[in-house]
Number of protein chains: 2
Amino acid sequence: MVVDMSVQMEIVCVGNELLIGKTLNTNAQWLAKRATSLGIAVKRITVVGDDVEEIANALREAIQRKPRFIITTGGLGPTFDDKTLEGIANALNRKLELNNKALQMIKEKYEVYVKAGRIGSAELTPHRVKMAKLPEGAEPLPNFVGTAPGVQIKVGNTDIIALPGVPSEMEAIFDSSVAGMLKKEAGNIMFFEANLYADNIVESTLAPLIDIAMHDNPYVYIKSHPRGEEKKPHIEIHLSTTAKDSKTAKDRLGKVMIQLSELIKEKGGKVKTFKSL
Amino acid sequence: MVVDMSVQMEIVCVGNELLIGKTLNTNAQWLAKRATSLGIAVKRITVVGDDVEEIANALREAIQRKPRFIITTGGLGPTFDDKTLEGIANALNRKLELNNKALQMIKEKYEVYVKAGRIGSAELTPHRVKMAKLPEGAEPLPNFVGTAPGVQIKVGNTDIIALPGVPSEMEAIFDSSVAGMLKKEAGNIMFFEANLYADNIVESTLAPLIDIAMHDNPYVYIKSHPRGEEKKPHIEIHLSTTAKDSKTAKDRLGKVMIQLSELIKEKGGKVKTFKSL
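Residues numbered from 1 in each chain as written. Chains lettered and ligands numbered in written order. Predicted model: local features only at pLDDT ≥ 70, side-chain atom pairs only at ≥ 80, totals over all residues.

## Notes on the interface of chain A and chain B
Heads up, the rule is: Contact between two residues is assigned whenever their backbone-derived C-beta positions fall within 7 Å. A helix here means a DSSP run of H or I that spans at least four residues, while a strand means a run of E at least two residues long, and both kinds are numbered starting from the N terminus. For this scheme, ten residues count as nonpolar: Ala, Val, Leu, Ile, Met, Phe, Trp, Tyr, Cys and Pro. Four count as charged, namely Asp, Glu, Lys and Arg, and the remainder, Gly too, count as polar. Strands were regarded as paired on the criterion that DSSP finds at least two bridges between them.
Listed by partner, the interface residues are 56 residues for chain A and 56 residues for chain B. Mapped by element, the contributors of at least two residues to the side of chain A that touches chain B are helix H1 (16-19), helix H2 (26-37), strand E2 (41-48), helix H6 (126-129), helix H8 (203-216) and strand E10 (221-226) of chain A. If one sorts the elements of the side of chain A that touches chain B by residue count, H8 of chain A sits on top with 8 residues. Here the residues of the side of chain A that touches chain B sort into 25 nonpolar, 19 polar and 12 charged. Here 5 bridges tie E2 of chain A to strand E2 (residues 41-48) of chain B, and the two strands are oriented antiparallel to one another. When the bridges of E2 of chain B are listed, Val47 of chain A appears paired with Ile45 of chain B.

Written out as structure tokens, the structure is:
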């Protein structure tokens, strides 16, 4: 897919709301974008429901593919259908055990809520303690926005990282505890992209031009996305490359943009450059 | 997950743009919502890149789980990285062969484009013919919006249906050729849902109340979604059920809404009903 990114990641999103189409999976996009920008190749995204066996199967399958990271979203909260940790434990043949560090994090949260007058009691009810029952050998990751901690578990050379489904919590734990880990593994590889827009040309006429440009520029990946309506064709052309420095990347992308623009114009198309990251 | 929906479906979305977070997977949500509303249980959504082996693996795995339907999105177009049909053929150990019905559909499209002055020639170039190379035994599904036909392939008791990635084309083929198939299989089972909103209560306090309501109402699934910011908790409570008629469903959902509202108020929470479908 993308030339140089060798550190692989999978994303497993848990939640019936995703399978009934109630919720748009913005978490998967956010994570995929952030991981890619950190130099990680996201190889697969899997969505399953709030079912221990379904979660365990998805995890088992992902682990067998040996990505460096598996990030899960959702299913860490206090309700009966928050089943991600049970699913992970099941996949790993480990037990869930009370993690004192996680329990302390949760306890402190509820004490803050009591002080703020949001709840009457910080009592550690069974539903609250549930969030501190982690697979054996797991480490909690602090959640500065909500209550349920994130969870990190090492299995062979894979780190499984379980994040909450609430976007603000998921993002906060990713930023504080996960992004650094990913960056460290990815090293100094960076992902660069740019867009061209072509009008007055249909995708099947553009296709052989992309073949030429990709052949001449093996380090740039070119993908066309038809965007317009049928009567007014409009194609977004996405160029991407990975490199250790932005000059190399910009030179590569610039060269392709010039070549492809010329080819499109020869076929009667119009070209607009939009933005370059 | 949902009580009565026994006809199962999986969705496999193909596209690097989804794995780099460039594109939000609105296709998966649209399909999941439509399938659910037709009485079909979506069990899994898988996203893979534009890679024959990755696509074939995802298809092979999905087929082994024996859902009644597998719908794929993306990768049917004329460019080098439109690889879904090759991936499906690979998974099924079938060859790609020129399908004359598909070729005719494509030919007619380009003739229309020529008449409309959009392209100079309707010549069936290799990139255009590529869209008519389907796995052996496949049937093309007409695409009234774009060029690449959808594709239907039967494998045992599973129908694989490949749809384009452009949302307007995907939706049009679904509506004209797929929705009826799904409805026929699902029979007269329908999915119903309603929302409650609770303020002034945290999720861990709500959790045991949901347990009570679910215990007393085994045909209703209740799921809480924290929506507010930390300082202003706001929880959306989603109730769903499946039934053969709307009266049964509304009675069930209404009963739970009353019971749950009472329980929440007893704990000092505030309740708002929002909408009921």
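## What about the domain arrangement of chain A?
Note the cut-off: The split into domains, and so the bounds of each, comes from an automatic or database assignment of domains.
Taken domain by domain, chain A consists of domain 1 (8-186) and domain 2 (190-276). Summarising the inter-unit geometry, the C-alpha centres of domain 1 of chain A and domain 2 of chain A are found 37 Å apart.

## Observations concerning the relation of the copies chain A and chain B
Each copy of the chain is related to the other by a rotation around an axis and a translation along that axis. Rules: The atoms used to superpose the copies are C-alpha atoms, taken from residues with pLDDT of at least 70 in both, and the fit is least squares.
When chain A is fitted to chain B, the residual RMSD is 0.0 Å, and the transformation amounts to a turn of 180 degrees plus an axial shift of 0.0 Å. Given the turn and translation reported, the copies of this chain are related as if by a two-fold rotation axis. Identified as the residue of chain A closest to the rotation axis by C-alpha distance is Thr46 of chain A, at 2.3 Å. A share of 100% of the interface residues of chain A reappears at the interface of chain B, consistent with the copies meeting face to face through the same patch.

## Observations concerning unusual backbone geometry
Residue and element names in this part refer to chain B. Selection rule: A residue is called partly exposed when the number of other C-beta atoms within 10 Å of its own lies between 12 and 20, exposed at 12 or fewer, and buried at 20 or more, with C-beta atoms placed from the backbone.
Of note, the phi angle at Asn93 is positive, near 55 degrees, even though the residue is not glycine. The residue Asn93 is located in the loop between helix H4 (84-92) and strand E4 (96-98) in this model. According to the C-beta neighbour criterion, Asn93 is exposed, with 10 such atoms within 10 Å. Positive phi is not limited to glycine here, since Asn200 has a value of about 65 degrees. Positionally, Asn200 belongs in the loop between strand E9 (190-199) and helix H8 (203-216). For Asn200, a count of 18 C-beta atoms within 10 Å gives the class partly exposed.

## Structural notes on the environment of Ala62 of chain A
Residues and elements named next belong to chain A. In this structure, Ala62 sits in helix H3 (residues 52-64). The class of Ala62 is buried, set by 23 C-beta atoms lying within 10 Å. For the pair Ala62 and Lys130, spaced 68 residues apart in the sequence, the C-alpha separation amounts to 25 Å. In contact with Ala62, other than residues within four places in its own chain, are Glu10, Val12, Thr46, Pro67 and Ile70.

## A closer look at the confidence of the model for chain A
Condition: Values of pLDDT, the confidence the predictor places in each residue, fall between 0 and 100.
Within chain A, residue pLDDT values average 94, and 95% of them lie at 70 or more. The ipTM for the predicted assembly is 0.95, set against a pTM of 0.95.

## Observations concerning the packing of H8 of chain A against helix H9 (residues 246-266) of chain A
Residue and element names in this part refer to chain A. Put simply, the rule reads: Only the stretch in contact is used when fitting a helix axis, every axis being a line fitted to C-alpha atoms; angles between N-to-C directions are given from 0 to 180 degrees. These descriptions rest on fixed angle ranges, namely under 35 degrees for roughly parallel, over 145 for roughly antiparallel, 65 to 115 for roughly perpendicular, and the rest for oblique. Crossing handedness: left-handed means the near helix sits turned counterclockwise from the far one by under a right angle, and right-handed means the same turn made clockwise.
Two numbers describe how H8 lies on H9: the axes approach to 10 Å, and their chain directions differ by 150 degrees. If you check the angle between H8 and H9, you find them roughly antiparallel. The two elements H8 and H9 meet at a crossing, and its hand is right-handed. Of H9, the residues touching H8 (which contributes Leu206, Leu209, Ile212, Ala213 and Asp216) are Val256, Gln259, Leu260, Leu263 and Ile264.

## Brief notes about helix H3 (residues 52-64) of chain B
Short version of the rule: By this rule, a helix spans an expected 1.5 Å times one less than how many residues it contains.
Compared with the 18 Å implied by 1.5 Å per residue over 13 residues, the 18 Å span of H3 of chain B between its first and last C-alpha is a close match. Among the residues making up H3 of chain B, those that are buried are Glu54, Ile55, Ala56, Ala58, Leu59 and Ala62 of chain B.

## Let's talk about the sheet that holds strand E3 (residues 69-73) of chain B
Spatial strand order, E6(A)-E7(A)-E8(A)-E3(A)-E1(A)-E2(A)-E2(B)-E1(B)-E3(B)-E8(B)-E7(B)-E6(B): 12 strands in an open sheet with mixed pairing. For this open sheet the edge positions go to strand E6 (139-141) of chain A together with strand E6 (139-141) of chain B, each flanked by a neighbour on one side alone. Between one strand and the next, the sheet's axes are offset by a mean angle of 20 degrees, whatever the strand orientation. Looking at chain direction, strand E1 (residues 8-14) of chain B and E3 of chain B are connected through 5 bridges and run parallel.

## Topic: the pairing of strand E11 (residues 234-243) of chain A
Residue and element names in this part refer to chain A. With 7 of its 10 residues buried, E11 lies for the most part within the structure. Relative to E11, strand E9 (residues 190-199) runs antiparallel, the two sharing 10 bridges. When the sheet's bridge partners are listed, Met190 is paired in E11 with Ala243. Pairing geometry for E10 and E11, over 6 bridges, is antiparallel. Across the sheet, the residue bridging to Ser224 is Ile237, located in E11.

## Notes on H9 of chain A
Residues and elements named next belong to chain A. Threshold: Working note: the arc is built from the helix axis to C-beta atom directions.
For H9, with 21 residues, the first-to-last C-alpha span of 30 Å sits near the 30 Å given by 1.5 Å per residue. Residues Ala249, Arg252, Leu253, Val256, Met257, Leu260, Ser261 and Ile264 constitute the buried set of H9. Buried residues of H9, seen end-on, are gathered within an arc of 160 degrees and therefore sit on one face of the element. When the buried face of H9 is taken as reference, the exposed residues oriented beyond 90 degrees from it are Lys247, Ile258, Glu262 and Glu266. Once H9 ends, the next one or two residues include Gly268, with phi positive near 90 degrees.

## Digging into the nonpolar core
The criterion, for reference: The nonpolar core criterion groups buried Ala, Val, Leu, Ile, Met, Phe, Trp, Tyr and Cys residues into a set whenever they are joined through C-beta atoms within 7 Å.
Of all hydrophobic cores here, the largest spans 165 residues; its most connected members are Ile11 of chain A together with Ile11 of chain B. Ile11 of chain A has contacts with Ala28, Leu31, Ala32, Val42, Ile45 and Ile71 of chain A, leaving out every residue within four places of it along the chain.

## Side note on the pairing of strand E7 (residues 150-155) of chain B
All names here are of chain B. The pairing of E6 with E7 spans 3 bridges and is antiparallel. Following the sheet pairing, Leu141 is matched in E7 by Gly150. Linking E7 back to strand E8 (residues 158-163) in an antiparallel pair, the connection comprises 2 residues, with Gly156 at a positive phi of about 60 degrees.

## Structural notes on the environment of Lys22 of chain B
With respect to the secondary-structure elements, Lys22 of chain B resides in the loop between helix H1 (16-19) and helix H2 (26-37). On the basis of neighbour count, Lys22 of chain B is assigned to the buried category, with 20 C-beta atoms found within 10 Å. Discounting residues that sit within four places of it in the chain, Lys22 of chain B has contacts with His238 of chain A together with Glu17 of chain B.

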